[in-house]
Structure formats: C-alpha cells, structure tokens
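Read off the chains here:
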Amino acid sequence: MVAIEDWYSENPNVVIFTNLDDIGQPYSCQQWGDHHQDFNEDIFPLMTDDGNQDVIWSWLQTGGAFPSTAYIDHTMTVYYKANNPSFGPATSTIDSMLDECGDLCTLSPPAALFDFAIDGNTVTFFDFSEFASEGWVIESWDWDFDDGTTSTEQNPVHTYDADGTYEVSLIITTDMGIQSEPYIAEIQIGTLEISDINSPSDFGLLKNYPNPFNPSTTIDYFMKESGNIKINVYDMNGKLVDEVINDYQISGQHSFIWSPVNLSSGMYYVNLVQGLNIDQMKMLYVK
Amino acid sequence: MFFNSFISLILISFSFSLYQVGDQISQNDQDRRFQVCYGGEEHGLEEDHGSYTLALGDYNGYTNDSGIFYVMMIDMAASW
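Residues numbered from 1 in each chain as written. Chains lettered and ligands numbered in written order. Predicted model: local features only at pLDDT ≥ 70, side-chain atom pairs only at ≥ 80, totals over all residues.

## Section: the overall build of chain B
Scanning chain B for helices and strands turns up 2 helices and 4 strands. From first element to last, N terminus to C terminus, chain B shows the α and β order α-α-β-β-β-β. Out of the 80 residues belonging to chain B, those deemed buried represent 30%. (Helix = DSSP H or I, 4+ residues; strand = E, 2+ residues; numbered from the N terminus. Buried ≥ 20, exposed ≤ 12 C-beta atoms within 10 Å, placed from the backbone.)

## Focus: the overall build of chain A
Along its length, chain A carries 7 helices and 17 strands. Considering chain A as a whole, with its 287 residues, one finds that 27% of them fall into the buried category. If you take every contact in chain A between residues at least 6 apart in sequence, the share linking residues at least 24 apart comes to 50%. (Contact = placed C-beta atoms within 7 Å.)

## Quick notes on the sheet that holds strand β3 (residues 51-54) of chain B
Residue and element names in this part refer to chain B. Taken together, 3 strands build an open sheet; the order of strands is β1-β3-β2 and the sheet is antiparallel. Strand pairing shows two members of the sheet lacking a second neighbour, β1 (34-36) and β2 (47-48), which therefore form its edges. Where β2 meets β3, 2 bridges bridge the pair, whose relative direction is antiparallel. When the bridges of β3 are listed, Glu47 appears paired with Tyr52. (Pairing = 2+ DSSP bridges.)

## Some thoughts on the sheet that holds strand β12 (residues 217-223) of chain A
Pairing is antiparallel across the open sheet formed by 3 strands, whose spatial order is β11-β12-β15 (chain A). Looking at the sheet topology across the chains shown, the edges are occupied by β11 (204-205) and β15 (252-258) of chain A.

## Quick word on the confidence of the model for chain A
All names here are of chain A. Considering every residue of chain A, the mean pLDDT works out to 78; 77% of them sit at 70 or more. The least confident element of chain A, judged by mean pLDDT, is helix α4 (residues 44-48) at 36; the most confident is strand β7 (residues 150-151) at 97. Throughout residues 35-55 the model reports pLDDT below 50, and contacts reaching past four residues in sequence, or to other chains, amount to 31 contacts. In this model residues 193-200 is a low-confidence stretch, pLDDT under 50, and it forms 9 contacts with partners more than four residues away in sequence or in other chains. (pLDDT = per-residue confidence, 0-100.)

## Focus: the nonpolar core
Among soluble globular proteins, nonpolar side chains are generally buried collectively. Residues Tyr71, Ile72 and Ile94 of chain A together with Tyr70, Val71 and Met72 of chain B are the most contacted members of the largest nonpolar core, which totals 28 residues. Those elements giving two or more residues to this core turn out to be β1 (14-17), β2 (68-72) and α6 (87-101) of chain A together with β4 (71-76) of chain B. For Ile94 of chain A, the residues in contact, after removing those within four places along its chain, are Tyr8 and Val14 of chain A together with Val71 and Met73 of chain B. (Core = buried A, V, L, I, M, F, W, Y, C linked by C-beta atoms within 7 Å.)

## So, the environment of Gly252 of chain A
Of note, Gly252 of chain A is situated in strand β15. Each C-alpha atom, one on Gly252 of chain A and one on Asp202 of chain A, is 8.6 Å from the other, the two residues being 50 residues apart in sequence.

This is the structure we're talking about:
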C-alpha cells in the first residue's frame, strides 16, 4: 500500500512529517529517547505545554487526542486540522493546496548563469540566467569582475588592465527580492601557464560542450589514477536524477555523452567521485 | 485531589488550540526553532553545531533562502 509520503516523494514542495521525531518535541531529545516507548504520566504534561516549546503540539492537539493531523498552506495558514484522515481525502486536499499556490510552490530557486567570449583583454559576457531561472522575473544583475570593478548590466563588456586569472561572479535578484547563489567562472586573460591547463595527471571534470544544451552534451574528465569512479547527475534540489557511471576505469582522459530523459529544463550538477577526490560542475539543459 | 485535578484541567485547556483552522501562524512562531532528535538528515535539514533544527518559517517562501513556498502535512501518531 502506498503511504502518503511515498505519493508525494517526487514533489519537493510538499513537506510531510509523520512522526514526532520529524518536528521535534516540547521536551529534550534526551527525555524523548528515554521515554517515548512508554506512556509516562510524569512526561505526558510536557507534551502539551512546558511553557516554552509548546507551539506545534498545542495547535495539533484536537481535544488532547492522538493521532492528529494538520495541514498548513503556502501562506502559513492552518488549512485543516482533524484526526487521522484517510489516504484519499489527504491527497485531494494537498493537491488542491498545490493548485492554489501554483508556480509559487513549483519553482526551482533562481540561479545565475553566464557564458563569455574573450578577445584580447576584453571579455563580452552573455547572461543565460533566464534559462536557469524559469518562472522567475529577474530584476537585477550584480557582476563582480574580480579586478575591483562591478557592473549591473545584463550583458556587460569588460576590459581588463592586466593579464591574469580572474574569478567573475554573477548574482541575480528577482522581483520578489530573492537572490541567487553566485555563479562563478574562471577567466584567463593573457597567455595560459602550463600549470593552468588540465592534463592527464589531473583529476576532475572539464566544462561540458555544448552548454546550454539540447538534447545532449559531452562531458570530459580526467582520472589521475585507475580505480572505481562514480559519476552522478543531480537537479537543483540536490535530488539524484541519473547514475551515469559506477565502474572501474583506467587513468587518463575519458568522456561521455549525457542525454536527459524525462527531465525538465534547468540547471543540473554533475558529480565526479573517486575515493576522496570530488569534482562538481554545473550544466544547463534547455528545451 | 479534586482541586489539583481541576487546576491541571484549566492549565491544559489553556494550552490547547492556539491555532484554529483559518488562523495564520504568527511570524514569531514561524521563527521558533525546534530541535529534531532523529530523521533530520532524511528530511534534508541542515546540521547546525551537531544537531538538526527545524522552524516552520523554513518552508515560507518569503523568509527562506530559496523563495520557494511549500505546503505541509503534519500527521502525528504517538507510539504509546
């Protein structure tokens, strides 16, 4: 039989707590560990009010009886409170709550993304954040060129005064005032040092190509030593969406082509793991 | 004995039902953090100084870091 938490396990915007452990209790974890298996008159009053952490228990109580069920909608309003609803009414109620909040409850967080083209010391930046922030309205862009200068243009052109390696970052802000995490890219101005170029003696992922991509992209990676490696792909919420490689491979350069299946457009993370060595890379899937 | 029971009943009655259906959880109560003894990692909670905590405001798009709103179902059964 499908439990309600399993029914919504694929929906990251439904939070289901099904036992006391999930939401904490109005008494200490130590007390909980000592007494939760047995009814204890000395402990029971603490469950309803210890004068401090009483909130969740107080409004969950329906006349002091268990079990108790409560729903809270996206506006933090108590939507439903009763005893032990059956599976059917519970799912239909949650479905209607999701319908009410619409995109607000289905969006992935806004994410910054850009690409660039280098011509001498001049770099032209191309903002791709709207692809990575589907559903959001981007209101502002904050660039940091890592040479003491900044810009708020969407697609700035910047000239560096000196050769070197610069970590350029972009943060976007939506019309709701939500800021993205910074997206950072390393830019090399001038002649590359040999040590800056990945060689077969390195470990790690190289930038996928093309990016953004549809329907597939190629990912190159280096292994310093032969051994077991894992390559997984995760979505923006950290959910594993594809186990690409879990195998023994020899040292050197390898590559694979990744084609998303039944996945929505957006940002995805590739993780390369070999022993204690870990590397991660972002890539953008567009439809 | 009767008097003690009466006092206890009054105290417990006052502690029930802070929120009724249609009430909105106050900002103060949304900000209140609860210690999570077990299962914090399974629910994606962040570890802070060796323990997991949870606040209802973590699921409010206006106040959490992601701007994403959530709906919550809290279905609780005691094991005694």
